[in-house]
Amino acid sequence: MAGVAGGNDFQWCFSQVKGAIDEDVAEADIISTVEFNYSGELLATGDKGGRVVIFQHEQESKSRPHLRGEYNVYSTFQSHEPEFDYLKSLEIEEKINKIRWLPQQNAAHFLLSTNDKTIKLWKISERDKRAEGYNLKDEDGRLRDPFRITSLRVPVLMPMDLMVEASPRRIFANAHTYHINSISVNSDHETYLSADDLRINLWHLEITDRSFNIVDIKPANMEELTEVITAAECHPHQCNVFVYSSSKGTIRLCDMRAAALCDRHSKFFEEPEDPSSRSFFSEIISSISDVKFSHSGRYMMTRDYLSVKVWDLNMENRPVETYQVHEYLRSKLCSLYENDCIFDKFECCWNGSDSAIMTGSYNNFFRMFDRNTRRDITLEASRESSKPRATLKPRKVSTGGKRKKDEISVDSLDFNKKILHTAWHPKDNVIAVAATNNLYIFQDKIN
Amino acid sequence: MITKGQKRKYSPEEVEATDRSNPIWESQRQFVFSVSLNKYQRGQELPEPSLRRSVLIANTLRQMSLEFCNAPAEDEVPPDSSLSGPEEVQQESPSNKIPSAKHHPAQVVTNSSSALTTCSGVSSLHSSHYAAAAISSILTALDSNIEESPQAVQRTPFQSLENLSRSSEGSATWVKQGVRGFVGNLEEWDECRVRENQMEVTRSAYLTDFTVEDLFQDIDTSLLDKDKLFGLRGCGVGHPAGDDLPRYLLPISPSASSSQYLSNQNLKCLPSFSSFGPLSSSPASLPTIFSPSSSLFPGQNQGLDLEHLMEILVES
């Protein structure tokens, strides 16, 4: 697979954008998660209104072979509704925090979607035939008069317009006191884990009334709480291994074979802090917002506020690679703390071959880093550069006093336009970038 | 820039900011402290504030309190203090945490708390005790412990069901938790406050809620309604959590005068994780942590002073 930007033979270009163009963005339309399925054929998005929209990749048309094919709406359904916790007198948001696809095992597709409290397993199936010629009812559904039935006929299957149905098959509820931040399907395809601020539970996909608590960092005395769980993920190949990250910038790898309760980690990943760069916000910016295993399973990637780090699972004391996402914000941390941007949780993702990584930034910028060539690129998801097959122009933020022509100064960045969620196709160079209420799809330019 | 295993670069813009003797650092510290308090209070007004955010803000305040405790005072800090400078403390805290974190996640939190008690000097020690206790009060209400508590509880800010000792007396039980933070010589506490007097109330454009004039104005109106101060109010949906803030922010100081205290408010107002404690529907079973009780301190006037001060923050 080609890397991020390898000279003249590889460039990113605009493919599609989904969502309203209106300047006034409805809160419910803000995209909160993006995820490709295992084959890349389906792309799911969740929003703050609790809806899930699934796009399907259509095959390239013969008349336009230079295009990879487009993603069109495949199914839309309301996954979660706002609920009211009568015990706490609190409203539970319907915002979809995460979507994770299950590996496809038959014609139907399954995905897990979660809000703050409840995880649901959805089955998305197609129906393109229907039976006609029932004996007891007419075609419009009305019951036939039994006395008028004089002969017996066998119903036949007739083709119909494709209908995609989404039905909730399992609802995993009442297992999390705190807000769920992560779900991850295990490689055994039978279990999955869900993580909230203080606990991680292990579920079986078939059993909804029970879950195993495998990590609990809640202190006996809540006064002593100084650390929360921020993300968790199962190892892609070893079904007994998972990792979880914390608000203090640490990652713990746990082995479920060691004990039923994985409070004692097997490996502890932390980079020693540079004392010279310490500030009031050192801990806040070290808080890890996302952790992702590489497809190979040998590395994992963590995202904190200013950087992305690649860790070798065999080395705990420091990451093997560190990429600065927007180092120019380090001198602005005070302002970013004041306007709450410092608490933004950016996600990160690998490409299919683990040769490149991608993460979002502000001003609708997103960054890609090629691990092999050591090149990085900053691109922007904007309507202005949304012409079909238009090549994306690299963007640059000027940090010095002199600003070049095409550069943008740090003070001109729009911190309301933040790209928190991105996804990379598991096989091709196709990326999905969520910019507030719009979903941008970019692909490499086939020359 | 892509580098392998590179630690954070030492930014030249940060030189002055990290130099504790630099006035820029001091002003930034005050600003961050004030913003943190403001941020926390506003966060508590939300129906369900984010636990991660609250923990990060509390840790930031804890760190600033720790650094302040270890700042050399004018006429204090014995020469043989174990901690000679802020850098050592800063390095000591992470070193305290890192080894313990390798063993057990829960141990990290206890060591972080214990780091607060390593301040040098008598007054700074007491101040750190106060800071630790104040931050403890923050976290007592963290737990939304439906699982532990079989009884449906009414949501009252700054309470943790797990740490509650149920009592029909609304203000009696708090003594166990609140007094802990204020043990020690009151004179020592006054010394600490004298040091803290040196810090000016930061007036920043960002702080729309904490100007001193507003607070003084609130004093007058607060005299009319003393019922708000003691006891618990019914907490239904939409109960403003910020109204209970002053009960947990003000230290109990019988010798404090209103104006003197207000000038130190930015130091005293450490946040409390209020909204993480869904609480019983019976108000009597939920004592407030730091609600002042005239039974503890002699003198009705002192109680009234406390009433005024707490009412100020209620209104703010």
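Cut-off values and rules
- Residues numbered from 1 in each chain as written.
- Chains lettered and ligands numbered in written order.
- Predicted model: local features only at pLDDT ≥ 70, side-chain atom pairs only at ≥ 80, totals over all residues.
- Heavy atoms only, no water.
- UniProt positions renumbered as here; feature names shortened; annotations may be inferred.
- Helix = DSSP H or I, 4+ residues; strand = E, 2+ residues; numbered from the N terminus.
- Pairing = 2+ DSSP bridges.
- Axes fitted to C-alpha atoms, helices over the stretch in contact; angles between N-to-C directions.
- Salt bridge = Lys/Arg side-chain N within 4 Å of Asp/Glu carboxyl O.
- Buried < 20%, exposed > 50% of the residue type's maximum accessible area, 1.4 Å probe, protein only.

Named according to an unreviewed UniProt entry, chain A is Serine/threonine-protein phosphatase 2A 55 kDa regulatory subunit B originating from Cynoglossus semilaevis. Turning to chain A, the UniProt record has this under Sequence similarities (unreviewed entry): "Belongs to the phosphatase 2A regulatory subunit B family."

Glancing now at unusual backbone geometry. Residue and element names in this part refer to chain A. Not every positive phi belongs to a glycine, and Asn174 is a case in point at roughly 65 degrees. Positionally, Asn174 belongs in the loop between strand 11 (156-172) and strand 12 (182-185). With a phi angle near 60 degrees, Asn364 is a residue other than glycine that sits in the positive phi range. Relative to the elements of secondary structure, Asn364 occurs in the loop between strand 25 (356-360) and strand 26 (365-370).

With that settled, consider the sheet that holds strand 26 of chain A. Residues and elements named next belong to chain A. Here we have four strands laid out as an open sheet, ordered 24-25-26-27, and antiparallel in their pairing. Looking along the sheet, the strands with just one partner apiece sit at the ends: strand 24 (348-350) and strand 27 (376-380). Shown here is a sheet whose adjacent strand axes are inclined to one another by a mean of 20 degrees, direction ignored. Bridge count between strand 26 and strand 27: five bridges; the pairing is antiparallel. Counterpart to Arg367 in the pairing with strand 27 is Thr378.

Where charged atoms from two side chains of opposite charge approach closely, those side chains can pair. Summed over the entire model, instances satisfying the criterion amount to 30 salt bridges over all chains. For Lys129 of chain A, the salt bridge goes to Asp128 of chain A, with nearest N and O atoms at 3.4 Å. Residue Lys129 of chain A is classed as partly exposed on the basis of its relative accessible area of 46%. Measuring nitrogen to oxygen at the nearest pair gives 2.7 Å for the salt bridge that ties Arg53 of chain B to Asp340 of chain A. Of the two residues, Arg53 of chain B sits in helix 3 (residues 51-69) while Asp340 of chain A sits in the loop between helix 2 (333-338) and strand 24, which places them in two different chains. Accessibility expressed as a relative area gives 27% for Asp340 of chain A, which makes it partly exposed.

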